[in-house]
Protein chains: 4
Amino acid sequence: MGSFKGHALPGSFFLITGLWWAGKQSFLYSARKNKSAGAGRLATRATQRRIEIFEAAVILSFSIIGMLAEQFLAGGPKFHLYDSSSQRWEQLMNWQHSTMYLFFAISGAISLTVHSTDIAPLALDRMLLGLAFFNEGFLFLYHLHGRDMLDILVHTLLLYAVFGQALICFLEVFHRGNILLELLRATLTILQGSWFWQVGFVLYPPSEVKWDMKDHDNAMFVTLCYCWHLAFALLIVSVVYCSVLSCVRSKVRRMPPMEMGLLKPREKEVESEDEIL
Amino acid sequence: MGSFKGHALPGSFFLITGLWWAGKQSFLYSARKNKSAGAGRLATRATQRRIEIFEAAVILSFSIIGMLAEQFLAGGPKFHLYDSSSQRWEQLMNWQHSTMYLFFAISGAISLTVHSTDIAPLALDRMLLGLAFFNEGFLFLYHLHGRDMLDILVHTLLLYAVFGQALICFLEVFHRGNILLELLRATLTILQGSWFWQVGFVLYPPSEVKWDMKDHDNAMFVTLCYCWHLAFALLIVSVVYCSVLSCVRSKVRRMPPMEMGLLKPREKEVESEDEIL
Amino acid sequence: MGSFKGHALPGSFFLITGLWWAGKQSFLYSARKNKSAGAGRLATRATQRRIEIFEAAVILSFSIIGMLAEQFLAGGPKFHLYDSSSQRWEQLMNWQHSTMYLFFAISGAISLTVHSTDIAPLALDRMLLGLAFFNEGFLFLYHLHGRDMLDILVHTLLLYAVFGQALICFLEVFHRGNILLELLRATLTILQGSWFWQVGFVLYPPSEVKWDMKDHDNAMFVTLCYCWHLAFALLIVSVVYCSVLSCVRSKVRRMPPMEMGLLKPREKEVESEDEIL
Amino acid sequence: MGSFKGHALPGSFFLITGLWWAGKQSFLYSARKNKSAGAGRLATRATQRRIEIFEAAVILSFSIIGMLAEQFLAGGPKFHLYDSSSQRWEQLMNWQHSTMYLFFAISGAISLTVHSTDIAPLALDRMLLGLAFFNEGFLFLYHLHGRDMLDILVHTLLLYAVFGQALICFLEVFHRGNILLELLRATLTILQGSWFWQVGFVLYPPSEVKWDMKDHDNAMFVTLCYCWHLAFALLIVSVVYCSVLSCVRSKVRRMPPMEMGLLKPREKEVESEDEIL
């Protein structure tokens, strides 16, 4: 959907996902750090599992909504691929976007399986998430032929975030539970989300004044703007991290101390998922 | 062999190899996981060795068949390199394909040596497999000069799978026995195999209608199609993994419990190859 | 500031920082190595913390000075971004440089927080330093459109040092306390600093004679010159390393032996920061 | 020296170095593997140190010979850089080659220091070797402007070996003593050496017939030829590895068994260098 809404929809998905990841990972990390003070009870293994399953289900739903929107809204191809009367492919742009959503749907579905059963190693969810981001970047890369200079630039900038996310997910396959990688992933996801909105405003400005698609100064400004989005995403993630951390700490302080007799047997149960990896 | 068969032959080789790898690695992984339940008996070290030797022998034969086919079928160069009468190189395309097969033959031969003797570390087989894939990608990269846009594109897309496989093999040198890397390798091998078939259909369509080699819409469709092949390969590998896993589990359940007296001495023997690395 | 001073200012910042890093890391490394001989007392954990906080504060001040200089000196934009009367962006070059300084300021601020509190893992300082270098390289990359050949070349060469530093910082997130990475980082920082001065001399020569911006021989010389700067930076770092090492050794030898009764309890306290990571 | 000899000289250096590395690493590896059988006595720590110092001294001498040859033979610049009368740089090609040799000389000198004293970690020798290879590749990359197609191609192919060696050296900083990396480094060094000879034959053929520098078939043949050089280098390294291994084994078998009383105290001394890393 070459339209403002077609950029705002995935932008919002990524913004929400990024904020969620920043919150979730900060919570799990601070629960792990304050475990000796009893915070383990805040994030038992069962809770973690439930969180992961919920996340996977939401990603799956988002992706299916996105896929259907691309196929049926605003003159989508409605699952027709080839129009044999005119001998032309039908709406390949929408098919490309659908395929991007498809890989996130696969990633969500497999994550759901991994966390609700025990048939595959946990790290599989990150590998498929990485593959979904890689696939998104790959399609964007072959998506830009014959467009205007500024249009190409704003999409190329997007690729830094997208391939960055793919790389971090693959690193997480080997370094699972590294809070820095997790927060960087959240940051890049927020960057991608807010940049989708920015792209929408640049390509389909709500005001009358259009951007000059060939002006070099506009290109320079857009590059700068991308850096500011990154700084903004860093700020958001820091704020989320600090507030979650202080919430957990104040909660831990207000918790009644566990009786010693209960501590030992429960300790086993509250082991974080990452440790049983 | 610039022909349909010249693409179908390696395509079939890679499809079979990919399916075999998906099955083998799933089997070894589930045997390792269910070892305490007695599944170790399914994959003793001797069995593993025999499987690896069988695999290496098959790869070696496939490669030699491919090399001979390139040299002797359909007007191949028959091991002549330079025609001094016309002062021209003989059939360099066939020589390039022969060289690709040569490196897989080297990889097979060395893997045979590694697994039937103990003169070299096990990880050598993966390093040479990675080198063979890298060499294949390297030759494809310098193979495309002066062709049509769509022809270049379909071969460029192949390179993502080929260099991906090379990278994964090199990672396996350091992370041997990581099931995720092994399944990803199988997935990319199936992708490469099915994409070879697709390339054959695009460049040498069996029907009368030829593809327009310069149409941008065809290029977009081909890129999309590549992603669907990847999704399809993921599906195949998941199905193979799940069926092998449930087979092993049901077999383990039906196995008579070992007598305790026998358990200890045999335990030694059944150690998986990966553990003695 | 497209001027000699605009290159000399960051050049000096980087030279000072590089020398400081070479000295600091050599000192901490040799204190760690000679710990059994009592050198641990030279670098207690509290001292290390104070050094890191001092460093972070200096980086933060440098960055703010740089940012203000770009905004207010030599006709800077004075924080105006868009001139709506002429409908043009204001001085985007200065804004780009300010943004580069901004990310170093963020990195300094976060490093200050990490080392003066315990809310985040130590490795965060390296990750944000890496991000600041990456951002610098990224902006330089999109900074070169439409310039002369030699101008592009000298800035491209800079990118090798900048992206090299970013890569090393990211590696240090996983391999903290590796003296080789730390010295390589110091070397590349000195290289970047001295190269900034060289760029100033090439683009704005103090003498009358200007460089021919399109001469291929000049390009070849500049590339060579870059290698000599690297060799020079290696030399400087070696000299700093060796003198710091011999200083620490001679100091250790002159230290009165600690009484055994005191040794055990203090041992705990003098643990290096890297070991408690 | 744009001449046959200017390619044969470094080619021979690299061939000798590659063979030496293949032999040395195979010997150390097999001594380590057969240690329990007494092969440790073949490679005591003192012997290893002497081997490394010998190697570093040879690399240093080779580099200085190469540097002097570039400066003084065949009309070299004799350490003059700028001819102020004609306002031209003097012989920049020779200066580039001298700079390549310079970095190998630095690497040799530092390796000498590292192995004859204990002031720096062992891995420093590999890091500077990696830097020397990287610098060689970097200068070749900016060395090719305005040449013929085939000339550019043969030098570009060289870069695969050169940057491959740089990468492996950097990996060895973190995975020291990995026999696979060491043999791969030897293989690529032999490849680089034999390819230098090949480049000499292509660009300055001894016969009357010159190669057509713009023929696409020649380009295809040259790419193929590069792969065959790689296969040949793999063969050489395998032969060296197998013969060294069988030599060590036969020697170990013929050694008189050590008396048990002597075994324990000497065991300490014969620890391989890699283990005390």
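Residues numbered from 1 in each chain as written. Chains lettered and ligands numbered in written order. Predicted model: local features only at pLDDT ≥ 70, side-chain atom pairs only at ≥ 80, totals over all residues. Heavy atoms only, no water.

An unreviewed UniProt entry lists chain A under the name Transmembrane protein 45B, from Triplophysa tibetana. Chain A has a UniProt comment under Subcellular location (unreviewed entry) that states "Membrane". In its Sequence similarities (unreviewed entry) section, UniProt records this for chain A: "Belongs to the TMEM45 family." (UniProt positions renumbered as here; feature names shortened; annotations may be inferred.)

Student: Hey, could you go over the overall build of chain A for me, with residue numbers and the actual values?
Tutor: Scanning chain A from N- to C-terminus turns up 8 helices and 2 strands. Ordered by position from the N terminus, the helices and strands of chain A form the series α-α-β-β-α-α-α-α-α-α. Out of the 277 residues in chain A, the part that is buried amounts to 56%. Put simply, 79% of the contacts in chain A that link residues at least 6 apart link residues at least 24 apart. (Helix = DSSP H or I, 4+ residues; strand = E, 2+ residues; numbered from the N terminus. Buried < 20%, exposed > 50% of the residue type's maximum accessible area, 1.4 Å probe, protein only. Contact = heavy atoms within 4.5 Å.)

Student: Talk me through the environment of D:Leu224; I want residue IDs and the actual numbers.
Tutor: Residue position: D:Leu224 is located in helix H7 (residues 216-254). Leaving out residues up to four positions away in the same chain, D:Leu224 has contacts with B:Leu92, B:Trp95, B:Gln96 and B:Thr99.

Student: Please provide a residue-by-residue account of the pattern of salt bridges, values included.
Tutor: Applying the stated criterion to the full structure yields 28 salt bridges over all chains. With its nearest N and O atoms 3.9 Å apart, the salt bridge here joins A:Asp148 to A:Lys214. A residue pair is termed long-range when its members are at least 10 positions apart, and A:Asp148 in the loop between helix H4 (124-141) and helix H5 (149-174) and A:Lys214 in the loop between helix H6 (179-203) and helix H7 (216-254) qualify at 66 residues. Owing to a relative accessible area of 33%, A:Asp148 belongs among the partly exposed residues under this scheme. Of the residues examined, A:Lys214 reaches a relative accessible area of 63% and is grouped as exposed. The salt bridge partner of B:Glu52 is B:Lys24, with a shortest N-O separation of 3.4 Å. Note that B:Glu52 is positioned in helix H2 (residues 45-72) and B:Lys24 in helix H1 (residues 4-33), a separation of 28 residues in sequence. As far as the burial class goes, B:Glu52 and B:Lys24 line up, both buried. It is possible to trace a salt-bridge network through shared partners that takes in A:Lys24, A:Glu52 and A:Glu55. (Salt bridge = Lys/Arg side-chain N within 4 Å of Asp/Glu carboxyl O.)

Student: Describe the nonpolar core, naming the residues involved and giving the relevant values.
Tutor: Grouped together as the largest cluster of nonpolar side chains are 289 residues, with contacts concentrated most on A:Trp195, B:Trp195, C:Trp195 and D:Trp195. Among residues more than four places away in sequence, those in contact with D:Trp195 are D:Val154, D:Leu157, D:Leu158, D:Val222, D:Cys225, D:Tyr226 and D:His229. (Core = buried A, V, L, I, M, F, W, Y, C linked by side-chain atoms within 4.5 Å.)

Student: Run through the relation of the copies chain A and chain B, naming residues and quoting values.
Tutor: Least-squares fitting of chain A to chain B yields an RMSD of 0.0 Å, with the transformation described by 0.0 Å of translation along the axis and a rotation of 90°. Such values leave the two copies arranged in the relation of a four-fold axis. (Least-squares fit on C-alpha atoms with pLDDT ≥ 70 in both.)

Student: Got a sec to walk through the interface of chain A and chain B? Specific residues and values, please.
Tutor: Often the size quoted for an interface is simply the accessible area lost on bringing the parts together. If you look at the interface, chain A gives 29 residues, while chain B gives 31 residues. Of the roughly 2700 Å² buried where chain A meets chain B, counting both sides, 77% is carbon and sulfur surface. On inspection of chain A and its partner chain B, the count reaches 0 salt bridges. If you list the elements that add at least two residues to the side of chain A that touches chain B, you get strand S2 (88-89), helix H3 (92-116), H4 and H5 of chain A. It is H4(A) that provides the largest number of residues to the side of chain A that touches chain B, a total of 9 residues. For the side of chain A that touches chain B, the class distribution of residues is 23 nonpolar, 4 polar and 2 charged. (Buried area = accessible area lost by both parts, 1.4 Å probe. Nonpolar A, V, L, I, M, F, W, Y, C, P; charged D, E, K, R; others polar.)

Student: Could you give me a rundown of the packing of aromatic side chains, with the residues and numbers involved?
Tutor: By the definition in use, this model includes 92 aromatic pairs over all chains. Taken together, a centroid distance of 4.4 Å and an interplanar angle of 15° make the contact between A:Phe13 and A:Phe62 stacked. With A:Phe13 in helix H1 (residues 4-33) and A:Phe62 in helix H2 (residues 45-72), this residue pair connects regions lying 49 residues apart in the sequence. With relative accessibility at 13%, the residue A:Phe13 sits in the buried group. Each ring, one from A:Phe14 and one from A:Phe196, has its centre 6.0 Å from the other, and the planes form 5°; the classification is stacked. A residue pair is termed long-range when its members are at least 10 positions apart, and A:Phe14 in helix H1 and A:Phe196 in helix H6 qualify at 182 residues. As far as the burial class goes, A:Phe14 and A:Phe196 line up, both buried. Over the face of the ring belonging to C:Trp21 we find C:Arg185, whose NZ or CZ atom lies 4.6 Å from the ring centre. (Phe/Tyr/Trp six-rings, centres within 6.5 Å; stacked < 30°, edge-to-face > 60°. Lys NZ or Arg CZ within 6 Å of the ring centre and 35° of its normal.)

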